[in-house]
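Listed below are the residues making up each chain.
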Amino acid sequence: MKFIAKLFPEITIKSRPVRRRLIQRLQSNLQIVLKRLDDDIKVSGFWDKVEVSYPGQNEALCEQIIDAMARVPGIQSFLEVREYPLGDFDNAFELTREAYAERLKGKTFKVRVKRSGKHDFTSVELERYVGGGLRQHTEAGGVDVRNPEVWVDLEVKDNKLFVVTATHQGLGGYPLGTQEDVLSLISGGFDSVVASYMTMRRGSKTHFLFFNLGGHAHEIGVKQVALYLWNRYGSSARVKFITVPFEEVVGEILQSVHHSHMGVVLKRMMMRAADKVADRMKLNALVTGESVAQVSSQTLPNLRLIDESCDHLVLRPLVTMDKPDIIEISRQIGAFEFASAMPEFCGVISDKPTTHARRERVEAEESNFDYEVLERALEQTEVIRIDDIVENQNINSEIEAMTRVADNQTLVDIRPPREQERKPLNMPGCEVRVIPFYQLEADFAALPQEREYLLYCDKGVMSQMHAQHLHELGFNNVKVFRPATQ
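Source: prediction; values computed, not measured.

The next point concerns the overall build of the protein chain. Along the protein chain, the regular secondary structure elements total 17 helices and 19 strands. Out of the 486 residues belonging to the protein chain, those deemed buried represent 52%. Sequence separation of at least 24 residues holds for 78% of the intrachain contacts in the protein chain that already meet a minimum separation of 6. Computed over 61 positive and 69 negative side-chain charges, the separation of the two mean positions in the protein chain equals 7 Å.

Now for the sheet that holds strand 13 (residues 313-315). Across the sheet, which stays open at both edges, the six strands sit in the order 13-12-9-10-11-14 with mixed pairing between neighbours. Of all the strands in the sheet, just strand 13 and strand 14 (382-385) have a single pairing partner and so form its edges. Neighbour to neighbour, the strand axes of the sheet diverge by 25 degrees on average, direction disregarded. Pairing geometry for strand 11 (residues 240-245) and strand 14, over four bridges, is antiparallel. Across the sheet, Phe-241 pairs through a bridge with Ile-384, a residue of strand 14.

This part takes up the pattern of salt bridges. Here the structure, examined in full by the defined rule, presents 31 salt bridges. Note that Lys-267 and Glu-290 form a salt bridge whose closest N and O atoms lie 3.5 Å from each other. Placement of the pair is Lys-267 in helix 9 (residues 262-281) and Glu-290 in the loop between strand 12 (285-287) and helix 10 (300-307), with a sequence separation of 23 residues. According to the relative accessible area criterion, Glu-290 is buried, its value standing at 5%. Residues participating in the shared-partner salt-bridge network are Lys-2, Lys-49, Glu-51, Glu-83 and Lys-160.

Quick look at the environment of Tyr-84 now. The residue Tyr-84 is located in strand 4 (residues 75-85) in this model. Note: C-alpha distance between Tyr-84 and Leu-161 (77 residues apart in sequence) is 5.2 Å.

In this section: the nonpolar core. By size, the foremost hydrophobic cluster in this structure holds 55 residues, and its most contacted members are Phe-208 and Ile-386. Element by element, the count of residues in this core is highest for helix 7 (residues 216-234), at nine residues. Here this core gathers at least three residues from each of two domains, domain 2 (182-384) and domain 3 (401-481). What Phe-208 contacts, discounting residues up to four positions off in sequence, is Leu-183, Ser-184, Ile-186, Ser-196, Met-200, Ala-226, Leu-229, Val-239, Lys-240, Phe-241, Ile-242 and Ile-386. If you look at the next biggest cluster of nonpolar residues, it comprises 36 residues, including Met-271, Ala-273, Cys-310 and Phe-369.

To continue, consider the packing of aromatic side chains. Under the defined criterion, the tally for this structure stands at twelve aromatic pairs. Aromatic pair Phe-369 and Tyr-371: ring centres 5.2 Å apart, planes at 70 degrees, arrangement edge-to-face. Judged by its relative accessible area of 4%, Phe-369 is buried. Note on Tyr-371: relative accessible area 32%, which makes it partly exposed. Among the aromatic side chains, those forming a connected cluster through ring pairs are Phe-89, Phe-121 and Tyr-129.

Our focus in this paragraph is the domain arrangement of the protein chain. Put simply, an interface is often sized by how much accessible area is lost when its parts join up. Domain boundaries in the protein chain define domain 1 (2-169), domain 2 (182-384) and domain 3 (401-481). Contacts between the two partners involve 13 residues from domain 2 and, on the opposite side, eleven residues from domain 3. Approximately 1000 Å² of surface area, both sides summed, lies buried where domain 2 meets domain 3, with 70% of it carried by carbon and sulfur atoms. Three residues, Ile-220, Gln-224 and Glu-337, lead the burial of domain 2 against domain 3; their summed loss comes to 45% of the area buried on that side. Our count for the domain 2 to domain 3 interface comes out at one residue pair in polar contact (both at pLDDT 80 or more). Among the secondary structure elements, those contributing two or more residues to the side of domain 2 that touches domain 3 are helix 7 and helix 12 (336-340). With seven residues, the top contributor of residues to the side of domain 2 that touches domain 3 is helix 7. Split by residue class, the side of domain 2 that touches domain 3 holds seven nonpolar, three polar and three charged.

Summed over all chains, the structure comprises zero disulfides. Cys-457 forms no disulfide, and the closest cysteine sulfur to it belongs to Cys-430, at a distance of 17 Å. On the basis of relative accessible area, Cys-457 is assigned to the buried category, the value being 4%.

With that out of the way, let us pick up the side chain of Arg-415. You can see Arg-415 is positioned in the loop between strand 16 (409-413) and helix 15 (417-422). Here Arg-415 falls in the buried class, since its relative accessible area comes to 1%. A distance of 2.8 Å separates the side chain of Arg-415 from the backbone oxygen of Lys-423, its partner in a polar contact.

Let us look at the side chain of His-207. Along the chain, His-207 turns up in strand 10 (residues 204-212). His-207 gets classed as buried once you look at its relative accessible area, which sits at 5%. A polar contact is formed between the side chain of His-207 and the side chain of Asp-181, at a distance of 3.2 Å. Non-local contacts of His-207, meaning those with residues more than four positions away in its chain, are made with Asp-181, Val-182, Leu-183, Ser-184, Arg-238, Val-239, Lys-240, Ile-242, Met-281 and Leu-283.

So, on to the packing of helix 8 (residues 247-256) against helix 9. Where helix 8 meets helix 9, the closest approach of the two axes is 10 Å, and the angle between their N-to-C directions is 145 degrees. Taken as a pair, helix 8 and helix 9 cross one another with a handedness that is right-handed. Taken together, the residues of helix 9 that come into contact with helix 8 (itself represented by Val-249, Ile-253 and Leu-254) are Met-262, Val-265, Leu-266 and Met-269.

Conventions adopted
Counting restarts for each chain: residues are numbered from 1 in the order of the written sequence. Local features in this predicted model are restricted to residues of pLDDT 70 or higher, and side-chain atom pairs are both shown and tallied only at a pLDDT of 80 or more, whereas totals for entire chains, interfaces and linings draw on every residue. Hydrogen atoms and water are omitted, and side-chain values are computed over all heavy atoms in the structure. Where helices and strands are cited, they refer to DSSP runs of H or I of at least four residues and of E of at least two residues respectively, numbered from the N terminus. We call a residue buried when its accessible area falls under 20% of the maximum for its residue type, exposed when it is over 50%, and partly exposed in between, using a 1.4 Å probe and counting protein chains only. Contacts are assigned to residue pairs with any non-hydrogen atoms lying within 4.5 Å of each other. By the counting rule applied here, Lys and Arg register as positive and Asp and Glu as negative, while His and the ends of each chain are not counted. Charge coordinates come from a single atom per side chain, which is NZ of Lys, CZ of Arg, CG of Asp or CD of Glu. Pairing between two strands requires that DSSP report at least two bridges joining them. To define axes, lines are fitted to C-alpha atoms, for helices over the stretch in contact only, and angles between the resulting N-to-C directions are given on a 0 to 180 degree scale. Only one rule defines a salt bridge in this text: a Lys or Arg side-chain nitrogen within 4 Å of an Asp or Glu carboxyl oxygen. Among buried residues, the Ala, Val, Leu, Ile, Met, Phe, Trp, Tyr and Cys ones that are joined through side-chain atoms within 4.5 Å form a nonpolar core. Either an automatic procedure or a domain database provided the assignment from which the domain bounds are taken. Only centres within 6.5 Å qualify two rings of Phe, Tyr or Trp (six-membered ring in Trp) as a pair; their planes then separate them into stacked at under 30 degrees, edge-to-face at over 60, and tilted for everything else. Here the buried area means the combined drop in accessible surface, using a 1.4 Å probe, for two parts upon being joined, counting both sides. Polar contact is the term for a pair of N or O atoms within 3.5 Å; when the atoms are in protein, one must be able to donate a hydrogen and the other to accept it, and sequence-neighboring residues count only if both atoms are side-chain atoms. Each residue is assigned to one of three groups, with Ala, Val, Leu, Ile, Met, Phe, Trp, Tyr, Cys and Pro labelled nonpolar, Asp, Glu, Lys and Arg labelled charged, and all others, Gly among them, labelled polar. A pair of sulfur atoms, both from cysteines and within 2.5 Å, is called a disulfide here. When the near helix sits turned anticlockwise from the far one by under a right angle, the crossing is termed left-handed; a clockwise turn instead gives a right-handed crossing.

If you want it as structure tokens, here you go:
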């Protein structure tokens, strides 16, 4: 079982030292991610590709490798291949027919050969021979050189023949960790989630900064979407999740700032706090999900004033994007359900907010603000590793974890619908209810409360967080289900 990862095109135009460094990091990242699946997976880096190989065939593992490679930044596409010693043309045809005969039934095709090394034949000669053989000795619908239904891809490298059995789309971008670390201000909504994903895809280790404006449910939601992003697209690197309690800051703004300027002042306070956190972590840039004119605080005059409150470079990956496009990206990366269900805390809503704040007016409003409140918030900052979220004291309570389901207990599958469909929870003899995490709080009260409910998710993190939240709402008949193999 073998895969050949093709590099993101921008990598190939770099200088030799930079290109070598990028390929080495991509190889390392793949090794970290794939070794979690099986220790026998081997990753090898070359000048123009990275190869992933595994001895023997294992269909379940093959699917896991494909899923993992599709989520590692730096790969433009990757080929699923069978590797053979390079023989004569007839041998190449027989091997190709074995791989493609079923797929070619009733369909037009074209053979493509990519060749490197010294050989006594051309790529076109091999294409013609294999194509002619497939046309005569399979049930293909014929050859179509302009718009074939099936591309038959072969690669010849020195004395080896690679028969490409499938091509998969990669994530593109630069390998994670090849660009400088950044600090993303994440609220859990569509914009901040997609912006964080985009900096991860561009090669920056992306740490997460959350300003808690007063809602524990919101904090739970943001932690789980941040953990999801990291698990899916950045797990080859260790990053931090930082929480700054901002309830008192919100209260001070409500008391000391005119309602028309509350939104801009709140953003400036957040940027000041982010500036301090980034300094402590020695980071060069902040990331936000702001887009020009999307809301009143995101007009150009207001964004300029917001940026003036901090010293760090502010990256805005979505600055000219439309909201529907942002939402569509959230669907593509699997974060739509998280973002759409995110509880919001709207404690600072300006009445007739200014869209053209002036520096003199903003500074006058801020002169009434007690900056000791902001300092106290920073002193209470909590920093944890993203992969230790489940151990965080805010969500790690005395919630009992069960490995078996008793007669008086019901399993509740809280995974997103797509995960439920892909891998249904098969528990014969148990009562199972399917309630996605974003409906759990609303639907739980309607369940028969004389029973106990065991929450289930794949990793055990979301179930732990939501069980804790339901306990805080007064539902003490909630535990988590953690199979012995989890």
